[in-house]
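Per-entry structural report
If you want the building blocks of each chain, they are given just below.
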Amino acid sequence: MSPVPHISLEQWRALVTVVEAGGYAQAAEALHKSQSAVTYAVQRIEAQLNVKAFELVGRRAQLTEVGQLLYRRARVLVDEAAQLEKSARSLSAGWEPEIWLAAEVLFPTWLLFKCLARFGAEAPDTRVEVLESVLHGTTEALLAGQADIAITPHVPTGFFGHPLMSLSIIPVAHPSHPLHALGRPVTGSDLKRHRHIVVRDSGTTRDRKTRSVEVEQRWTFSQMASAIDAVASGHGFAWLPEEHIRWALARGELAPLEMRDGGEMKVTLYLVMAEPDFAGPGVIRLAEMVREVVAWECPRVSMTV
């Protein structure tokens, strides 16, 4: 059986705050306590352990070697206690232990990370499984009950989709690609003589014969990042989401193609909850965060009201 600790968490918190705030007076202000209370808490630690945590150097108190060890361990202890409290609040609210999110690859990865990071800070004990899908793959995840939330350009029959954001899909190629050297708007006939880079539909019901452009040469990837890298390396042309490639455009790795017909396309992404009437608090909160993050980070393309 572990011995009962004689030093309270509040006393350890006082020690940590004195170190990080830069003194007893500053720590007292940060902890909303009197300076004498903070001083007494640290003195009790020293008395209980028969050590000196601080020593006077000139007119300033500095940590001793033992004090530095105590501070490092106390910092971990205080952090773990705060994490435990946060976890307990989540559990008492009935948050789900796991949430499945199907995210269409058109949804910018950097934006997805921001959503997950914010959710993780609020619900660290809820695991999030992200299913990266393309076109019909997202729809199938909803229909098969494999997703609690989906970000998709297609809302299946029987589901309600909240308009999330509008994306521009633009034709691009590397600046040195022959299509940029034509000196005129690009036609469909021009495209047929060059390699088309596409991202494969992840759905099992995809039509393998369906192509956006009829060409002889085509490379098909399962990941958006691979397709972008292929185009930026000069291996072909593609229609890519502007939000995904804005940095590549700014760096001059990609350049928009001027098309005579069929240039820029607009795609609306929707946020869909699989069972909104029976969703748990975690699913509801994650859906709220996705809408809030998109509205804040992408006001130009956000459709959140």
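Conventions and cut-offs
Residues numbered from 1 in each chain as written. Predicted model: local features only at pLDDT ≥ 70, side-chain atom pairs only at ≥ 80, totals over all residues. Heavy atoms only, no water. Helix = DSSP H or I, 4+ residues; strand = E, 2+ residues; numbered from the N terminus. Buried < 20%, exposed > 50% of the residue type's maximum accessible area, 1.4 Å probe, protein only. Contact = heavy atoms within 4.5 Å. Areas by Shrake-Rupley, 256 points an atom, 1.4 Å probe, with all protein chains shown as cover. Salt bridge = Lys/Arg side-chain N within 4 Å of Asp/Glu carboxyl O. Pairing = 2+ DSSP bridges. Phe/Tyr/Trp six-rings, centres within 6.5 Å; stacked < 30°, edge-to-face > 60°. Lys NZ or Arg CZ within 6 Å of the ring centre and 35° of its normal. Expected span 1.5 Å × (residues − 1). Core = buried A, V, L, I, M, F, W, Y, C linked by side-chain atoms within 4.5 Å. Axes fitted to C-alpha atoms, helices over the stretch in contact; angles between N-to-C directions. Parallel < 35°, antiparallel > 145°, perpendicular 65-115°, else oblique. Left-handed = near helix turned anticlockwise from the far one by under 90°. Nonpolar A, V, L, I, M, F, W, Y, C, P; charged D, E, K, R; others polar.

Let's talk about the overall build of the chain
The secondary structure content of the chain amounts to ten helices and eleven strands. Here the chain holds 305 residues, and the buried ones make up 40% of them. A fraction of 71% describes how many contacts in the chain between residues 6 or more apart in sequence connect residues 24 or more apart. In the form shown here, the chain has an accessible surface area of approximately 17300 Å², with 53% of it arising from carbon and sulfur atoms.

A look at the pattern of salt bridges
Under the criterion given, the structure shown has 16 salt bridges. One salt bridge connects E46 with K52, and the closest N-O pair in it is separated by 4.0 Å. The exposed category is assigned to K52, whose relative accessible area is 54%. Among the charged side chains, a network of salt bridges with common partners joins R118, E122, R285, E288 and E292.

What about the environment of P185?
Relative to the assigned elements, P185 resides in the loop between β6 (161–173) and α7 (188–191). In this structure P185 comes out as partly exposed when scored by relative accessible area, which is 30%. In this structure the C-alpha to C-alpha distance between P185 and R260, which are 75 residues apart in sequence, comes to 5.0 Å. If near-sequence neighbours (up to four positions away) are discounted, P185 is found in contact with D190, E258, M259 and R260.

Notes on the pairing of strand β1 (residues 54–57)
Pairing between β1 and strand β2 (residues 60–63): four bridges, direction antiparallel. Bridging from a neighbouring strand, V57 pairs with R60 of β2. Between β1 and β2, which pair antiparallel in sequence order, lie two residues; one of them, G58, sits at a positive phi of approximately 70 degrees.

Remarks on the packing of aromatic side chains
What the rule picks out here adds up to three aromatic pairs. Ring centres 6.1 Å apart and planes at 85 degrees place the aromatic pair W110 and W247 in the edge-to-face group. Of this pair, W110 sits in helix α5 (residues 109–122) while W247 is found in helix α9 (residues 242–250), placing the two residues 137 residues apart along the sequence. The exposure class assigned to W247 is partly exposed, which follows from its relative accessible area of 44%. Sitting above the plane of the W247 ring, R246 keeps its charged end 4.7 Å from the centroid.

Some thoughts on helix α3 (residues 35–49)
The terminal C-alpha atoms of α3 lie 22 Å apart, and with 15 residues this matches the ideal 21 Å at 1.5 Å per residue to within 8%. Summarising the contacts, the buried residues of α3 are in contact with α1 (9–21), α2 (24–31) and β1. One or two positions beyond α3, positive phi appears at N50, with a value near 55 degrees.

Some thoughts on the nonpolar core
Among the nonpolar cores identified, the biggest contains 52 residues, and F107, M165 and L240 are the most heavily contacted of them. Not counting residues within four places of it along the chain, the set of residues in contact with L240 comprises S168, I169, I170, V172, M224, I228, V231, I245 and L254. Grouped together as the second largest cluster of nonpolar side chains are 19 residues, I7, W12, A53 and A74 included.

Considerations on unusual backbone geometry
The backbone of H32 shows a phi angle near 60 degrees, a positive value even though the residue is not glycine. Within the secondary structure layout, H32 lies in the loop between α2 and α3.

Observations concerning the pairing of strand β11 (residues 265–273)
Here four bridges tie strand β5 (residues 149–152) to β11, and the two strands are oriented antiparallel to one another. By the bridge assignment for β11, I151 is matched with L271. For β6 and β11, the ladder comprises eight bridges, and the chain directions are antiparallel. Considered in β11, the bridge of S168 is made with K266.

Focus: the packing of α5 against helix α10 (residues 281–297)
Look at α5 against α10: their axes get within 9 Å of each other, and the N-to-C directions meet at 135 degrees. Regarding the angle of α5 to α10, the classification is oblique. Read as a crossing pair, α5 and α10 show a hand that is right-handed. When α5 is examined against α10, the residues W110, L111, K114, C115, R118, F119 and E122 are found in contact with a partner set consisting of G282, R285, L286, M289, V290, E292, V293, V294 and E297. For the contact of α5 with α10, a count of residues per class yields nine nonpolar, one polar and six charged.

A short note on helix α6 (residues 136–143)
Three or more residues of α6 are buried, namely G137, T138, T139, A141 and L142. Structurally, α6 contributes buried residues whose contacts are with β3 (98–104), β4 (127–133), β5 and β11. Among the residues trailing α6, G145 stands out with phi positive, at a value near 70 degrees.

Spatial relationships are all this shows, so hold off on functional conclusions.
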